Amino acid sequence: MNCRHCKTTLEHIFLDLGYAPPSNAYLNKTDLNQPEVYFPLKVKVCNKCWLVQTEDYADAKMLFKPEYEYFSSTSQSWLLHSKNYFDKIIKKLNIDKNSYVIEVASNDGYLLKNFTKKNITFLGIEPTINTANAAEKLNIPVLKKFFGKTLAKELAEEGKQADLIIGNNVYAHVPDINDFTDGIKLLLKPGGTITLEFPHLLRLIENIQFDTIYHEHFSYLSLHVVSRIFSNSNLRIFLVEEISTHGGSLRVYGCHQNDKRKTDPSVTKLLERESNRGLLKLETYMNFTDRVNKIKDNLLKFLLEQK
């Protein structure tokens, strides 16, 4: 397998969790007499660009089926997080009725419904039919397609470039991260802003959050990696915020490479911290399996002792 970003041959295993079914593939009664589908769950690290990524097995279209059962609105804390983001971003970027907003992976309309109250024009892009239908019931316009360069080109040619492109917890879920990022570039207006939220690899490693690894997460991302992928698509991260969601995430603010906005010191500071914590050294990734196994062994020992 080659790296999904830089195409370097992947030789180093970050973690091997054996076999597991897709995490949101819930079973109904008719499924109970059928064998359950399992995929290998192995994660590799690229020692050139440091992208941590699942080994190629599961097809994205199999993971994100029409009957996909993850609805963002079921989490009250996530709804509050989204409302707080909305309140902050419209002030920060002066988003108003003259702006155009696109959310990629808009799910059931959990976030975009906030924009309706301000009469802001927007569009959701969501490939899973179940969740997209739920959004449409809230009068949220949704394109029921996977996002990438081809779709972005179509929308741009229709004059639908955006002042703000939102991608909350989708960047780690895309199998072709280069194509996705190229699509964002095409869809962003001059002077426009991208905000992406994704779990921070540094938190995963430091807190041994192996329970956040599953097939739908194709990538596990550091600021170093995302900065590199953005740069490859002529985009630039000009601000980064650390947020508490999903065990510790990043919210990056992106723009066109030639945008007049200066890069905030927060970007340089976090890049330095990632480097100091070893995210550019192979040994940091190579000892993760031993740390996971120690937790597993200690739990089994504790259970046996209690029994």
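Trainee: Which parts of the structure should I look at to understand the pattern of salt bridges?
Mentor: Between side chains of opposite charge, a pair can form as their charged atoms come close. Under the criterion given, the structure shown has 15 salt bridges. Linking lysine 160 and glutamate 158 is a salt bridge whose minimum nitrogen-to-oxygen distance equals 3.5 Å. Between glutamate 241 and arginine 251 there is a salt bridge, with the nearest N and O atoms lying 2.9 Å from each other. You can see glutamate 241 sitting in strand S10 (residues 235-243) and its partner arginine 251 sitting in strand S11 (residues 249-256), a full 10 residues away along the chain.

Trainee: Even after reading the chapter, I still don't get the nonpolar core, so can you show me in this structure?
Mentor: Membership of the largest hydrophobic core comes to 62 residues, with the highest contact counts inside it found for Phe14, Phe147, Tyr171, Leu221 and Tyr285. Examining the composition of this core, we find that 5 residues originate from one element, helix H8 (residues 223-232), more than from any other. Setting aside anything within four residues of it in sequence, one finds tyrosine 171 in contact with Ile177, Phe180, Thr181, Leu196, Phe198, Leu221, Val226, Ile229 and Phe230. Among the nonpolar cores identified, the runner-up in size contains 24 residues, and Ile95, Tyr110, Leu112 and Tyr253 belong to it.

Trainee: Explanation requested: the sheet that holds strand S3 (residues 52-54) in the structure shown.
Mentor: Two orientations exist for strands paired in a sheet by backbone hydrogen bonds: parallel and antiparallel. Spatially, S1-S2-S3-S9 is the arrangement adopted by the 4 strands of the open sheet, whose pairing is antiparallel. Pairing within the sheet leaves two strands with one partner each, and these edge strands are strand S1 (12-20) and strand S9 (219-220). Bridge analysis of strand S2 (residues 39-45) against S3 gives 3 bridges, and the strand direction is antiparallel. Paired with valine 45 across the strands is valine 52, a residue of S3.

Trainee: Is there a simple way to explain the environment of aspartate 87 in this structure?
Mentor: If you trace the backbone, aspartate 87 turns up in helix H2 (residues 76-92). By relative accessible area, aspartate 87 is classed as partly exposed at 27%. When the C-alpha atoms of aspartate 87 and asparagine 114 are compared, they prove to be 8.8 Å apart, with 27 residues separating the residues in sequence. Here lysine 83 takes part through its side chain, which lies 2.9 Å from a polar atom of the side chain of aspartate 87.

What counts as what
- Residues numbered from 1 in each chain as written.
- Predicted model: local features only at pLDDT ≥ 70, side-chain atom pairs only at ≥ 80, totals over all residues.
- Heavy atoms only, no water.
- Salt bridge = Lys/Arg side-chain N within 4 Å of Asp/Glu carboxyl O.
- Helix = DSSP H or I, 4+ residues; strand = E, 2+ residues; numbered from the N terminus.
- Core = buried A, V, L, I, M, F, W, Y, C linked by side-chain atoms within 4.5 Å.
- Buried < 20%, exposed > 50% of the residue type's maximum accessible area, 1.4 Å probe, protein only.
- Contact = heavy atoms within 4.5 Å.
- Pairing = 2+ DSSP bridges.
- Polar contact = N/O pair within 3.5 Å; in protein donor to acceptor, adjacent residues only side chain to side chain.

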